[in-house]
Amino acid sequence: MKEFFGFGGYSRPAEGYMSWQHLLFVTLLMFVMVAFAVILGRKYRDREAHEKNKVIIASAILIDAFELFKIVLLCFRSGDPMDWVNNLPLFLCSIQLIALPLAAFSRGRVKEASLDFVLIFGILGAVMGTYFAGNNYAAYPVLSFDNVVSGITHSISGFASLYLMISRGASMKRSNIVASSTILTGFCIAAYIANIFTDCNYMFLTRGDGTPYDILYNIFEGNRILYPLSVIALFFIYIAAFYQVYYMVQKHREKALLPEGHNAAI
């Protein structure tokens, strides 16, 4: 247990980023994530909104509980009660720690925008935070507290996204695009400010740290203005692309559900 939680440092070497151990572990997580999303999504698809919301409430409680436990243990492990400053929820994946509770417990426009945000970024965060988390899997053993808890929280994020997609629990109204973009912009500004006053790399706005963001970092040669702007621009391009694909799929689905004669007339 001491070795799993990393007290005194890990004596085992890290198996490595994209090692078979890394890929096997995260693939198993993704399998469980998708399985639960499909089962519960299909179960609650035709239920009332408040029934669908129960799954989001459970997801919000679980993701925050795991993250809070991680922060407390990391502070205890380092011996520095202020180590929480280095573990703020200011990564793209970490936004779900706030977006999910908002989606679960708020009402009205805030709830709609939060649900859309969870749907849009949940699956992206799950994939980026598992398969492409070179900053974690190159530094810690695969079966370690740091990677296991990170894998669980990212999987919950992805589960919530897929669940909303399958259960049709998000509105995805065009009017919510501005709200989703505002949420993202606020977190980017907070992350950028936090990076200035700490030695952290929130939202990967300072450097790539072994993630695919290294591509942009190398293109802009680490420029302190152009690099973070390119990362933020990528987020907004993703939002636009997600909405476009979503509406294309919806249009195709609606067309397929029309009577055959009606399709012919059109």
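Residues numbered from 1 in each chain as written. Predicted model: local features only at pLDDT ≥ 70, side-chain atom pairs only at ≥ 80, totals over all residues. Heavy atoms only, no water.

1. Some remarks on the overall build of the protein
In terms of helices and strands, the protein carries eleven helices and zero strands. Listing every helix and strand of the protein by position from the N terminus yields α-α-α-α-α-α-α-α-α-α-α. Computed over the C-alpha atoms, the radius of gyration of the protein is 20 Å, within 12% of the 18 Å expected from 2.2 N^0.38 for a compact globule of 266 residues. The dimensions of the protein, computed from C-alpha atoms along their principal axes, are 70 × 40 × 35 Å. Counting over 266 residues, the protein shows a buried share of 42%. The long-range fraction of contacts in the protein, counting pairs at least 24 apart against all pairs at least 6 apart in sequence, stands at 74%. A total of about 14,200 Å² of accessible surface is found on the protein, and carbon and sulfur atoms cover 68% of it. Considering the protein, the positive charge centre built from 21 side chains and the negative charge centre built from 18 side chains are found 9 Å apart. (Helix = DSSP H or I, 4+ residues; strand = E, 2+ residues; numbered from the N terminus. Rg over C-alpha atoms; globule rule 2.2 N^0.38 Å. Buried < 20%, exposed > 50% of the residue type's maximum accessible area, 1.4 Å probe, protein only. Contact = heavy atoms within 4.5 Å. Areas by Shrake-Rupley, 256 points an atom, 1.4 Å probe, with all protein chains shown as cover. Lys, Arg positive; Asp, Glu negative; His and termini not counted. Charge placed at Lys NZ, Arg CZ, Asp CG, Glu CD.)

2. What about helix α2 (residues 20-44)?
The end-to-end C-alpha distance of α2 is 36 Å, a good match for the 36 Å that 25 residues give at a rise of 1.5 Å each. All of the buried residues in α2 are His22, Phe25, Val26, Leu29, Met30, Met33, Ala37, Gly41 and Tyr44. Where α2 is buried, its residues meet α3 (49-78), α5 (108-128), α6 (134-137) and α7 (145-167). (Expected span 1.5 Å × (residues − 1).)

3. Considering α7
End to end, α7 covers 32 Å across 23 residues, agreeing with the expected 33 Å (1.5 Å per residue, within 8%). Phi for Arg168, located one or two positions after α7, is positive at around 55°.

4. Here's the deal with the pattern of salt bridges
Tallied over the full model, the rule gives seven salt bridges. Residue Glu51 is joined to Arg47 by a salt bridge in which the shortest nitrogen-to-oxygen separation is 3.9 Å. What makes Arg47 partly exposed here is its relative accessible area of 36%. Where Lys54 meets Glu51, a salt bridge forms, and the shortest distance between an N and an O atom there is 3.4 Å. Of this pair, Lys54 and Glu51 both sit in helix α3, three residues apart, which is roughly one turn of the helix. (Salt bridge = Lys/Arg side-chain N within 4 Å of Asp/Glu carboxyl O.)

5. What about the packing of aromatic side chains?
According to the stated counting rule, one finds 16 aromatic pairs in the structure shown. Ring-pair connections join several aromatic residues into one group, and the members of that group are Phe4, Phe5, Phe7, Phe69, Phe76 and Phe145. It is Arg47 that lies over the ring of Tyr44; its NZ or CZ is 4.9 Å from the centre. (Phe/Tyr/Trp six-rings, centres within 6.5 Å; stacked < 30°, edge-to-face > 60°. Lys NZ or Arg CZ within 6 Å of the ring centre and 35° of its normal.)

Bear in mind that shape data such as this cannot, by itself, settle questions of function.
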